Structure formats: structure tokens, C-alpha cells
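Structural features, examined
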Amino acid sequence: MNNLDKQYIDLLKTILEHGVEKEDRTGTGTKSIFGYTIRHNMAEGFPLLTTKKMPWKTIVTELLWFLQGRTDLRFLLENNCHIWTGDAYKVYDKDFDCEHPPFSAPYPKRLTIKEFEEKIMTDDAFNKMYGDLGPIYGKQWRKWDNIKPDVMQPHLYIKTNNIDQIINLIRDLKTNPDSRRLMVNAWNVGDLEEMTLPPCHYGFQVYTRELSFNERWSLYSNKPYDGNTLGVANTLDYLDNKNVPTRAISLMWNQRSVDTFLGLPFNIASYGLLLEIIAKSVNMVPDQLIGNLGDTHLYLDHLEQAKEQIGRELTWEEKIQWVMKNTDVEMENLYITEAAAALEKSTRDPYPLPKLNINTEFWPTESGECGEGPLDAIAVFNGFSNENFCKCLLEEDIQLYDYKSHPAIKAPLSN
């Protein structure tokens, strides 16, 4: 059962029915509610909405960009990911209108967004000026500045090193999985003014629990334990020798500002993928994915698109077309009209959720040999800084299966 699309559609309905109109920094205006939670059981399928087609490769690209600790626009553009271009362009556009812009002769006219992207890709000087988005997610996840008092001059503060929150998280998961401090934070107050856009999803926490014997056996055999295979003690040893996971892991992210139509479906899938990657690396089973949402809004120019995704009754012409398209046998006109009259299908009924497979055959292991023994989780996440490793993840190792969806619904992005 696809409970995720149902929750999302219920949220759209809630905002449309109960949301209050508010102004916002983009000037577009929103319908907004405050406080909402979405919860998904990962065993029910990968959390990628089916009531509209989602850009899967773009979602993967952005997450890998975060995990590399990168903040540059060029990597995204090289992988045909354009979701951050508008925020970078806004900085350039504002500078262009200044009385004394920070650039001169080589850039005399205002660039279009397409020309701006081409400049980022081909002009190193321009890329240095406008191609970095500041200390946003990747910087905070992997290179949080550690500022401490100078030992010799306590009234002065110095930067001692960078804190890699992801590696700290993985290390704690391996050594203290019941910790209540398994958290990663992107809301660095001291860096906010330097960011092109302050984090919308500003932090996440993970939680693990021990799997029961029956859960472990079902993971291994795809069926409940019947008590007849082996003695319990021997079976436990057998499961341990087979490296069957002993824990389930859940992830909860917190979000201060939620573009419900364009952004939220993206965030759900991105954190679902992050949970899958972490779980695979530390040999745990993905369990619950939870989103705590603050200012949860629909932009006023997304209202009709939201209604389309909720689904509407088909017109008579659409019902006739649907029957003719979805019926294998030839039908006389009378039977076509009868079938159409009985049709109650909405245009956006959810499909089953897709499945995700992560191939770890070439990921580093504790033995030092790829594909042999438990994964070396720290080496895996350190490997994200390797562009070839990320390229393999993007093109080969992370594969989505059985994704069936309704067509995409276009909507303008407010920056």
C-alpha cells in the first residue's frame, strides 16, 4: 500500500482548506500552516511520490553533492542539476543592479539564466565570483568550523580544524548506537549571512533499535522462523556468521520552511536515500523516515497545480479516452460508453512505491578488499570526496526499480 502519497495529498488538502495567506521574502505569497509531521515505513517501498513524476537523478546528484562537502554550482551543472541556479543567479542579478558592481568590462550586459550557467561552466573568474553558494549544507555536514579560544590569548578565537559531522555520526553508530546524540546540524548561526540561502531542512537525527530474532530471520530467509530449522543458539550464530543486521535505523529531519509542492517531495526522497546509504554502510535495516515540518506552505502560484495532483474527476471525454486506452479488446460504442459511465477513477490515483537497490560490490570493506566482509563505513563516507566514487554511485550503484508515476506537473520556482 502506498501510504506516502496519501499522506502527501492529505497535506495538500489541509493547506488548501486551512492555510492562511502570508507574505514571504520572494514576493510570491503563500498559503501556510505551521507544524506537520510525515512518517513513512521504509519497508513499504522507497519514498518517491507517484502522483507526479519526480526527477530521480537530480535528487541523487544533490545528495551526493552534500555528502562530498561541496558547495559549488559547477558540479551540479555538470550533472544536469539546475535546482540551485536560481539562488546563485539572484546574487549576480542583485550585484548587476549595484551602482558599482564587483565586475567590469568582461561582463557588460545582464546575463540570462542560461548564459549565467554557461559562464559558470566556462569562465573560471566568473565561477569564482558567483559559482559558490557559501557555507551551506555540504560545508556544515562535512567541514563545520571549530572555533576555540587561543591558549596564549584567551580573548582571541582561532579556527582549529573542521568537524566532520557525518563521520562523527557514523563512528557513534558503530560504537554507541543507542546514543541520543546521533545528530547532524546545518544551522550554523555564525555562517548564515554568508549563505546564499539559509538551510530549510536544518538538521537530522537518527535512532536505532535492536531487531528481534524473528525480524533477523525474516531478513535472511524472507519468511518467519518456524522453530524447526536449527536450534535457537545455533541459528543466532548462523545469522551472525551471515552478517545479518542486528539493528534497524530510523531518520528524522527537521525543516523550518517547506515549499510543499516543489521542495517537500524532493526532501522526502533525499532523506530516504540518505537513510538507505547510512543503513547500508553500517549494516542496519532502514526503518522509519520522519519529517517534522515548520512553516509548511503552498506558493500562491502553485495552488492549481496542487489541486491537479490531489486529483479531479475525469471529464466525459477523458473517461472515453481512458477506457479506449486501457482496454485491450475492441469494444462497441455502447459498451465503451457504459464502461466510461461506470468509471470513477481520479486522474492521480497513487501507484505502488518503487524499490531501491544499492550495489556495494565495489565499496571499501573492513578486510581492505572490495566485496569481502563488512563494509568499512568510515571509509565509505570518506570516499564521497572521490569524484569517481560519486560518479559510480550516480550512474551505476544507486538504482531505482519499478517506478511508475503520473506525468510531471510544472510549477514556477520562487527564489
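That block above? That's the structure.
As the structure is a computational prediction, the values presented were derived from the model and not from experiment.

Details of the pattern of salt bridges
- Throughout the structure, instances matching the rule amount to 19 salt bridges.
- Between D295 and K22 there is a salt bridge; the shortest N-O distance is 3.7 Å. On the criterion of sequence distance, the pair formed by D295 in strand β8 (residues 285-299) and K22 in strand β1 (residues 20-22) is long-range, its members being 273 residues apart.
- By relative accessible area, which is 22% here, D295 ends up partly exposed.
- A relative accessible area of 41% means that K22 is categorised as partly exposed.
- In this structure, R348 engages E308 in a salt bridge whose closest nitrogen and oxygen atoms are separated by 3.9 Å. Residue R348 is located in the loop between α14 (333-342) and β9 (355-358), and its partner E308 is located in helix α12 (residues 303-310); the two are separated by 40 residues in the primary sequence.
- What makes E308 partly exposed here is its relative accessible area of 24%.
- Several salt bridges converge on common partners, so that one network encompasses R70, D72 and E387.

Side note on the sheet that holds strand β2 (residues 30-41)
- Here we have 6 strands laid out as an open sheet, ordered β1-β2-β8-β7-β6-β5, and mixed in their pairing. Each of the sheet's edge strands pairs with one partner strand only, and the pair in question is β1 and β5 (183-185). Across the sheet, the mean angle from the axis of one strand to that of its neighbour is 20°, orientation sign disregarded.
- Two strands pair when backbone bridges link them, and strand β7 (residues 247-259) and β8 are joined in this way by 10 bridges, in the parallel orientation. Bridge pairing in β8 links V258 to T296.

Let's talk about the nonpolar core
- F116, W141, L173, F204, I277, F381 and F384 are the most contacted members of the largest nonpolar core, which has 94 residues in total.
- Examining the composition of this core, we find that 11 residues originate from one element, helix α11 (residues 263-281), more than from any other.
- Not counting chain neighbours up to four residues away, the residues in contact with F116 comprise L73, T85, A88, Y89, Y92, L111, F126 and Y130.
- Core analysis: the second largest hydrophobic core is formed by 6 residues, L314, I320, I336 and L343 among them.

Re the environment of D24
- Of note, D24 is situated in the loop between β1 and β2.
- Taking the relative accessible area as the measure of exposure, D24 reaches 22% and is therefore partly exposed.
- As a C-alpha pair, D24 and Y299 span 275 residues in sequence and 9.3 Å in three-dimensional space.
- The contact partners of D24, leaving out residues within four places of it in the chain, are G29, T30 and Y299.
- At 2.4 Å, the side chain of D24 and the side chain of T26 are in polar contact.
- Within the structure, the side chain of D24 is placed 3.4 Å from the backbone nitrogen of T28, a separation counted as a polar contact.

Describing the packing of aromatic side chains
- Evaluated as defined, the whole model comprises 23 aromatic pairs.
- On the basis of an interplanar angle of 35° and a centroid distance of 5.6 Å, the ring pair of Y92 and F116 is categorised as tilted. Taken together, the positions of Y92 in helix α4 (residues 85-96) and F116 in helix α5 (residues 113-122) put the pair 24 residues apart, joining distant regions of the chain.
- The buried category is assigned to Y92, whose relative accessible area is 0%.
- Take F116: its relative accessible area is 0%, and that puts it in the buried class.
- Between W141 and F204, the ring centres sit 5.5 Å apart and the planes meet at 70°, which makes this aromatic pair edge-to-face. Taken together, the residues W141 in helix α7 (residues 137-142) and F204 in strand β6 (residues 201-210) connect sequence positions 63 residues apart. In this structure, W141 and F204 share a single accessibility class: buried.
- An aromatic cluster of three or more residues is present, and its members are W65, F66, W84, Y137, W141, F204, W253 and Y271.
- In this arrangement the basic side chain of K52 is found over the ring face of F261, its NZ or CZ atom lying 3.5 Å from the centre.

Cut-offs applied
- Residues numbered from 1 in each chain as written.
- Predicted model: local features only at pLDDT ≥ 70, side-chain atom pairs only at ≥ 80, totals over all residues.
- Heavy atoms only, no water.
- Salt bridge = Lys/Arg side-chain N within 4 Å of Asp/Glu carboxyl O.
- Helix = DSSP H or I, 4+ residues; strand = E, 2+ residues; numbered from the N terminus.
- Buried < 20%, exposed > 50% of the residue type's maximum accessible area, 1.4 Å probe, protein only.
- Pairing = 2+ DSSP bridges.
- Axes fitted to C-alpha atoms, helices over the stretch in contact; angles between N-to-C directions.
- Core = buried A, V, L, I, M, F, W, Y, C linked by side-chain atoms within 4.5 Å.
- Contact = heavy atoms within 4.5 Å.
- Polar contact = N/O pair within 3.5 Å; in protein donor to acceptor, adjacent residues only side chain to side chain.
- Phe/Tyr/Trp six-rings, centres within 6.5 Å; stacked < 30°, edge-to-face > 60°.
- Lys NZ or Arg CZ within 6 Å of the ring centre and 35° of its normal.

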